[in-house]
Amino acid sequence: MIDKTALSLHEAVAQIHDGATVMIGGFGTAGQPAELIDALIEHGAKGLTIVNNNAGNGDIGLAALLKAGQVEKMICSFPRQSDSYVFDELYRAGKVALELVPQGNLACRIQAAGAGLGAVFTPTGYGTLLAEGKETREINGRQYVLEYPIHADFALIKAYQGDRWGNLVYRKTARNFGPIMAAAAQTTIAQVKEIVALGDLNPEHIITPGIFVQHVAAV
């Protein structure tokens, strides 16, 4: 019998090892798996590379993970905003590295990993510092930059409902990066508001099929 239900969030994140690359869903705090992040902080894995839309807000969630000193590198598209002071202080002190990726490219590179693509050509970033040292090519009269997929050891995502097979549905804009991150990671851990019985999820509403999810835990 397939049952991907985790007994607890702590059990689910216990396999995350030092030096892992971890994708964390969310657009800012919308759809951010805050409880899974808290469990990761308690777990204590260090030297992590985190892939996220931004670099944390205030002192909670991703910002708390950064403050705990567990992050070695951030890959994101929006590292600075009014309440990103935790990351800002760490970056200025040389305690965390940053790979800045335009948001469309970030999504595209994650999607490429999930689709098994070797690389993609994108016009975004051409002629800027972000394209320095990268292969470029003219295609149909337009200039493109070669970008490589972003793979991850783990993805931590938040969904609205799931079943024991790992099928997931999301609530409105909280979906954001969750589905593509689930496809791009070797191991996906999803926190959900409710785990329902098999067959209770409308197949037409399932966005992330269970094949991309290894663990699901109710919060």
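Quick caveat: nothing in here was measured; it's all calculated off a predicted structure.

Colleague: I would appreciate a short explanation of unusual backbone geometry in the present structure.
Modeller: Glycine aside, negative phi is the norm for most residues, and most peptide bonds take the trans geometry. With phi around 50 degrees, Asn140 is a residue other than glycine that occupies positive phi space. Looking at where Asn140 falls in the secondary structure, it is placed in the loop between strand S6 (136-139) and strand S7 (142-147). On the basis of relative accessible area, Asn140 is assigned to the exposed category, the value being 81%. Backbone geometry at Lys172 places phi at a positive 50 degrees, although glycine is not the residue there.

Colleague: Please clarify how the pairing of strand S3 (residues 71-76) should be interpreted in this entry.
Modeller: With four bridges joining them, strand S2 (residues 48-51) and S3 adopt parallel strand pairing. For Val51, the partnering residue across the bridge sits in S3 and is Ile75. Each parallel crossover has a hand, and the one from S2 via helix H3 (residues 62-67) to S3 is right-handed. Relative to strand S4 (residues 97-100), S3 runs parallel, the two being bridged by four bridges. Residue pairing for S4: Ile75 is matched across the bridge by Glu99. A crossover connection joins S3 to the parallel S4 through helix H4 (residues 85-92); in handedness this β-α-β unit is right-handed.

Colleague: Mind showing me how you'd approach the sheet that holds S7 here?
Modeller: Strands pair in a sheet through their backbones, by hydrogen bonds, and they do so in one of two ways: parallel or antiparallel. In space, the three strands of this open sheet follow the order S5-S7-S6, with antiparallel pairing throughout. Every other strand in the sheet has two partners, leaving strand S5 (120-122) and S6 as the edge strands with one partner each. Geometrically, the sheet is characterised by an average inter-axis angle of 40 degrees between neighbouring strands, direction not taken into account. In this structure, S6 lies alongside S7, joined through four bridges in antiparallel fashion. Of the residues in S7, the one forming a bridge with Ile139 is Arg142.

Each value, and the rule that gives it
Throughout this description, residue numbers start from 1 for each chain and increase along the sequence as written. Local features in this predicted model are restricted to residues of pLDDT 70 or higher, and side-chain atom pairs are both shown and tallied only at a pLDDT of 80 or more, whereas totals for entire chains, interfaces and linings draw on every residue. Values shown for side chains rest on all heavy atoms present in the structure; no hydrogens or waters enter the calculation. The helix and strand labels rest on DSSP assignments: H or I over at least four residues marks a helix, E over at least two residues marks a strand, and numbering proceeds from the N terminus. Burial status follows relative accessibility: with a 1.4 Å probe on protein chains alone, a residue under 20% of its type maximum counts as buried, one over 50% as exposed, and anything between as partly exposed. When DSSP locates at least two bridges between a pair of strands, those strands are taken to pair. A crossover counts as right-handed when, viewed with the strands pointing away from the observer, the path leading from the first strand over the helix to the second turns clockwise. Helix axes are fitted to C-alpha atoms over the stretch in contact, other axes to C-alpha atoms as well, and angles between N-to-C directions run from 0 to 180 degrees.

Purely spatial values, then, with no claim about function.
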